[in-house]
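Here is how the chains run, residue by residue.
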Amino acid sequence: MQPEERQKRIEAYLQKAEFSSLDELAQHVTASPSTVRRDLAVLEAGGVLRRTHGGARLVNPKSDEFAFSKRDTHEFDEKEAIGKACAELIRPNSTVIIDAGTTCYHVGRHLDEKSLQMITNSLPVANFFAASPKVEVVVSGGVIYPRLGVLVGPLAVEAFSHIHADVAIMSSGGITLEGVTNSHSLLIEIQRAMIQGVQKVIFFLDHTKFGRHSVSRLCDLDCIDTIVTDAAAPMELVEGLRSREIEVILAPK
């Protein structure tokens, strides 16, 4: 593949994902990391992207899919219902990992009275509890992606690799009977580290995530203990998940 074609494919991939690790880009264009690193230097010089530690991000994304404030208006009522139902599952004085994402933010809004230790890579969640006298907040390191409101990268993965907690509150881009998927490998590496360090994994997914395949595989269904969703979730898939010994809770309207 010629450099020009490879660089176009890299740019097209970043238009979909907004940010990517070096290894993921190398796999996508079937080239060595050193070759892709040179391509990134060319694209950065042209103002297309900005290189970060371990990868790159698009300078001017065409889509606002990853903008936190925009995404938070999608299925707002369902997310509030899910968030409240999820919060009821969390015991006071627990140590809780809160994943990034708008659904998880809605969970966090209902946890202020639980006297928790909270660990997160979500800037909106951390900011929400910044002045709380009852919740101790631990924020991971990492690279800030302002549009997504999340800390990502090797430092974030390393932080969660050494953390143990009672429960993780997770979100994803989609779930089927084949497993859970999400939008990007940089998010997935962190989420996998979260899962490895907790006793219980709870996914909070509104009905639009059911039956949907996102870009990259996150985990198998046997990693999940509980799913909280809204009443509009397709019952065939809900029952299929329950048959896999996953607790599925439908939040009341």
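Residues numbered from 1 in each chain as written. Predicted model: local features only at pLDDT ≥ 70, side-chain atom pairs only at ≥ 80, totals over all residues. Heavy atoms only, no water.

What about the sheet that holds strand 4 (residues 95-98)?
- Across the sheet, seven strands lie side by side as 6-5-4-9-12-14-15; this open sheet has parallel pairing. Single-partner strands in this sheet number two, and they are strand 6 (136-139) and strand 15 (247-251). For this sheet, the mean inter-axis angle between neighbouring strands, taken without regard to orientation, is 20°.
- Sheet topology note: the strand 9 (residues 165-170)/strand 12 (residues 198-204) ladder contains five bridges and is parallel. Of the residues in strand 12, the one forming a bridge with I169 is I202.
- With respect to the sheet, helix 5 (residues 76-87) is in contact with strand 9, strand 12, strand 14 (226-230) and strand 15, its orientation differing from that of strand 14 by roughly 145°. (Pairing = 2+ DSSP bridges. Helix = DSSP H or I, 4+ residues; strand = E, 2+ residues; numbered from the N terminus. Axes fitted to C-alpha atoms, helices over the stretch in contact; angles between N-to-C directions. Contact = heavy atoms within 4.5 Å.)

Side note on helix 9 (residues 185-196)
- Between its first and last C-alpha, helix 9 extends 16 Å over twelve residues, near the 16 Å set by a 1.5 Å rise per residue.
- Among the twelve residues in helix 9, nine count as buried, and that is most of the element.
- Along helix 9, the residues classified as buried are S185, L186, L187, I188, I190, Q191, A193, M194 and I195. (Expected span 1.5 Å × (residues − 1). Buried < 20%, exposed > 50% of the residue type's maximum accessible area, 1.4 Å probe, protein only.)

Side note on the sheet that holds strand 13 (residues 216-219)
- Pairing is antiparallel in the open sheet, where three strands are placed in the order 10-11-13. Of all the strands in the sheet, just strand 10 (174-176) and strand 13 have a single pairing partner and so form its edges. Ignoring strand direction, the axes of neighbouring strands in this sheet form an average angle of 35°.
- Bridge count for strand 10 against strand 11 (residues 179-182) is three bridges, and the pairing is antiparallel. In the sheet register, I175 faces strand 11, and the bridge partner there is V180.
- This element, helix 9, spans strand 11 and strand 13 of the sheet and lies at about 10° to strand 13.

A few points about the layout of surface pockets
- Here the second largest pocket is characterised by a volume of approximately 310 Å³.
- Taken together, 18 residues line the second largest pocket, and the ones lying closest to its centre are S21, L22, D23, E24 and E189.
- Looking at the lining of the second largest pocket, the elements with two or more residues in it are helix 2 (22-29), strand 7 (143-145), helix 8 (154-161) and helix 9.
- Residue contributions to the lining of the second largest pocket peak at five residues, all from helix 2.
- Looking at the lining of the second largest pocket residue by residue, the classes come out as seven nonpolar, eight polar and three charged. (1 Å grid on protein atoms, 1.4 Å probe; cavity = no way out; pocket = protein on both sides within 12 Å on 5 of 7 lines; lining within 4 Å. Points joined across faces, edges and corners; volume = space filled by probe spheres on them. Nonpolar A, V, L, I, M, F, W, Y, C, P; charged D, E, K, R; others polar.)

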